[in-house]
Amino acid sequence: MTRYWLSFDLGLRGNYDDLYRWLAKLDARECGDGMATFTTEQTPVQLKRALKPIVGKKGRAYLIGSDKEGKWSGKWLFGNRRPAPWVGYVELAGEEQDDA
């Protein structure tokens, strides 16, 4: 059995009912908004195949798990990275600051 963490974002019109049924069958545990953990014998390829009709064309899913050597890594099953909501909250070094 391998433990995985799945981060998912299906958008406002996503098929959350089917995703939640799929997660319930795996006895997944909630880990915050859009994040679940579960154990399974399935490989990442098999998980991607199972999730494809659920996630759809506009959804995103990122899977984190360990490989055969026990090294942890993550990869996008569907979609890709977007600009983070926190971009721009920190001033870059070298920028002048207004002391007033």
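Residues numbered from 1 in each chain as written. Predicted model: local features only at pLDDT ≥ 70, side-chain atom pairs only at ≥ 80, totals over all residues. Heavy atoms only, no water.

Colleague: I'd like a rundown of the overall build of the protein chain, residues and numbers included.
Modeller: Across its full length, the protein chain carries 2 helices and 5 strands. Sequence-ordered secondary structure for the protein chain, helices as α and strands as β, is β-α-β-β-α-β-β. Relative to the globule expectation of 13 Å for 100 residues, the C-alpha radius of gyration of the protein chain, 17 Å, shows a markedly less compact shape. Structurally, the protein chain occupies a C-alpha span of about 60 × 40 × 20 Å along its principal axes. Looking at the protein chain as a whole, 25% of its 100 residues qualify as buried. A sequence separation of at least 24 residues applies to 57% of the contacts in the protein chain between residues at least 6 apart. Summed over its atoms, the accessible surface of the protein chain is roughly 8000 Å², and 51% of this surface lies on carbon and sulfur atoms. Across the protein chain, the 16 positively charged side chains and the 14 negatively charged ones have centroids separated by 16 Å. (Helix = DSSP H or I, 4+ residues; strand = E, 2+ residues; numbered from the N terminus. Rg over C-alpha atoms; globule rule 2.2 N^0.38 Å. Buried < 20%, exposed > 50% of the residue type's maximum accessible area, 1.4 Å probe, protein only. Contact = heavy atoms within 4.5 Å. Areas by Shrake-Rupley, 256 points an atom, 1.4 Å probe, with all protein chains shown as cover. Lys, Arg positive; Asp, Glu negative; His and termini not counted. Charge placed at Lys NZ, Arg CZ, Asp CG, Glu CD.)

Colleague: Any details on helix α1 (residues 16–25)? Residues and values, ideally.
Modeller: Looking at α1, one finds that the buried residues are Leu19, Trp22 and Leu23. Each buried residue of α1 lies within a common arc of 95° when the element is viewed along its axis, so the set occupies one face. In α1, the exposed positions angled more than 90 degrees off the buried face are occupied by Asp17, Ala24 and Lys25. The secondary structure elements touched by the buried residues of α1 are β1 (2–9), β3 (35–40) and α2 (44–55). Just downstream of α1 lies Asp27, where phi reads positive at about 55°. (Arc of directions from axis to C-beta.)

Colleague: Account for the packing of α1 against α2, with residues named and values stated.
Modeller: Contact pair α1 / α2: the axes reach a minimum separation of 9 Å and the direction vectors enclose 150°. Taken together, the axes of α1 and α2 lie roughly antiparallel to each other. Listed contacts from α2 to Asp18, Leu19 and Trp22 of α1 are Leu47, Ala50, Leu51 and Ile54. Partitioned by chemical class, the residues of the contact of α1 with α2 number 6 nonpolar, no polar and 1 charged. (Axes fitted to C-alpha atoms, helices over the stretch in contact; angles between N-to-C directions. Parallel < 35°, antiparallel > 145°, perpendicular 65-115°, else oblique. Nonpolar A, V, L, I, M, F, W, Y, C, P; charged D, E, K, R; others polar.)

Colleague: Tell me about the sheet that holds β1, and name the residues and values.
Modeller: The 5 strands are arranged β2-β3-β1-β4-β5 in an open sheet whose pairing can be described as antiparallel. Single-partner strands in this sheet number two, and they are β2 (29–30) and β5 (72–78). Alignment of β2 against β3, held across 2 bridges, turns out to be antiparallel. In the sheet register, Arg29 faces β3, and the bridge partner there is Thr37. (Pairing = 2+ DSSP bridges.)

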